[in-house]
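Topology and contacts: notes
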Amino acid sequence: MNMPVRTEGFVESEGVRLHYIDWGGTGMPLLLLAGLGDNAQIFTGLAPKLSDSFRLIALTRRGHGRSDRPDAGYDLDTLIGDVQCFLKTLGIDQTILVGHSFGGAVVMQLTHLFTERVRSVTLIDSRLRGLQDEMPISEWQHWPEYRDLIYRHGVRIDDGTLDFGVDVLVALAQLRVDSPQQSEQLNREMPVSLLGSG
């Protein structure tokens, strides 16, 4: 296996700079979208292993990693628009989509809206509402610890919410806008065990 040449860059979507990593590779483009709180770097171990069969690219969504952190635009429609802009800028007409966790929600909606651009879909630890029981955030095993931490920093999430991934993303993005120092403190205090726990 030849090690691909990794490059990084930015594309602009509606004035927002989005960071991406391109590991190169041979074959159909394969776009990797990370979960809530993660960025393109999460795929660093995986991407080179697939480069003999695919061109591996990972996009960091707005508000994460090295991408810009605008005051607004964290709704699903805007995130899908960002991916569309990214694919257009890179000249990619058709791709394989891989979505991890919250990235899977973007992948599924993008696939629904633009089927002709998607060759196939892979979901990694993503919630499929039609196949899984709804679970309020209060039933999540880590919620008491997580709730106590975010509440100390003024972030409030309704205990009964079913879309807590989106609600948390919006609330944390708002905290970053309203109080960047408090947001950074929260990031420092967040236990690693909560960042990738299901």
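Residues numbered from 1 in each chain as written. Predicted model: local features only at pLDDT ≥ 70, side-chain atom pairs only at ≥ 80, totals over all residues. Heavy atoms only, no water.

Applying the stated criterion to the full structure yields six salt bridges. Across the pair Asp-22 and Arg-55 runs a salt bridge whose closest N-O atoms are separated by 2.5 Å. Placement of the pair is Asp-22 in strand β2 (residues 16-25) and Arg-55 in strand β4 (residues 55-59), with a sequence separation of 33 residues. Under the relative-accessibility criterion, Arg-55 is labelled partly exposed at 24%. Here Asp-82 ties to Arg-62 by a salt bridge, and the two come within 2.6 Å at their closest N and O atoms. Of the two residues, Asp-82 is situated in helix α2 (residues 76-89) and Arg-62 in the loop between β4 and α2; the sequence distance between them amounts to 20 residues. We classify Asp-82 as buried; its relative accessible area is 3%. What you see here is one network of salt bridges that share partners, running through Arg-6, Glu-8 and Arg-66. (Salt bridge = Lys/Arg side-chain N within 4 Å of Asp/Glu carboxyl O. Helix = DSSP H or I, 4+ residues; strand = E, 2+ residues; numbered from the N terminus. Buried < 20%, exposed > 50% of the residue type's maximum accessible area, 1.4 Å probe, protein only.)

According to the stated counting rule, one finds two aromatic pairs in the structure shown. When the ring of Tyr-20 is compared with that of Phe-86, the centres are 5.2 Å apart and the planes differ by 65°; the resulting orientation is edge-to-face. Linking Tyr-20 in strand β2 with Phe-86 in helix α2, this pair joins segments that are 66 residues apart in sequence. There is no split in this pair, since Tyr-20 and Phe-86 are both buried. Ring centres 6.2 Å apart and planes at 40° place the aromatic pair Trp-143 and Tyr-146 in the tilted group. Taken together, the residues span about one helical turn, with Trp-143 and Tyr-146 both in helix α4 (residues 143-152) at a distance of three residues. What makes Tyr-146 buried here is its relative accessible area of 8%. (Phe/Tyr/Trp six-rings, centres within 6.5 Å; stacked < 30°, edge-to-face > 60°.)

Attention now moves to the nonpolar core. One finds Leu-31, Leu-33, Leu-59, Val-83, Phe-86 and Val-106 to be the most contacted residues of the largest nonpolar core, which totals 20 residues. Of all the secondary-structure elements, those providing two or more residues to this core are β2, β3 (29-33), β4, α2 and α3 (102-113). Considering each element in turn, this core owes the most residues, five residues, to α2. Residues within four places of Val-106 in sequence aside, it is in contact with Leu-33, Leu-76, Leu-79, Ile-80 and Val-83. Membership of the second largest hydrophobic core comes to 13 residues, among which are Trp-140, Leu-149, Ile-150 and Met-190. (Core = buried A, V, L, I, M, F, W, Y, C linked by side-chain atoms within 4.5 Å. Contact = heavy atoms within 4.5 Å.)

This next bit is on α4. Residues Trp-143, Tyr-146, Leu-149 and Ile-150 constitute the buried set of α4. The arc that holds the buried residues of α4, viewed along the axis, is 135°, so those residues lie on one side. A positive backbone phi angle near 85° is found at Gly-154, which sits one or two residues after α4. (Arc of directions from axis to C-beta.)

The next thing to look at is unusual backbone geometry. Of note, Glu-14 is a non-glycine position whose phi angle comes to about 50°, a positive value. Residue position: Glu-14 is located in the loop between β1 (7-13) and β2. Here Ser-101, not a glycine, exhibits a phi torsion of approximately 50°, which is positive. Here Ser-101 shows up in the loop between β5 (95-100) and α3. By relative accessible area, Ser-101 is classed as partly exposed at 28%.

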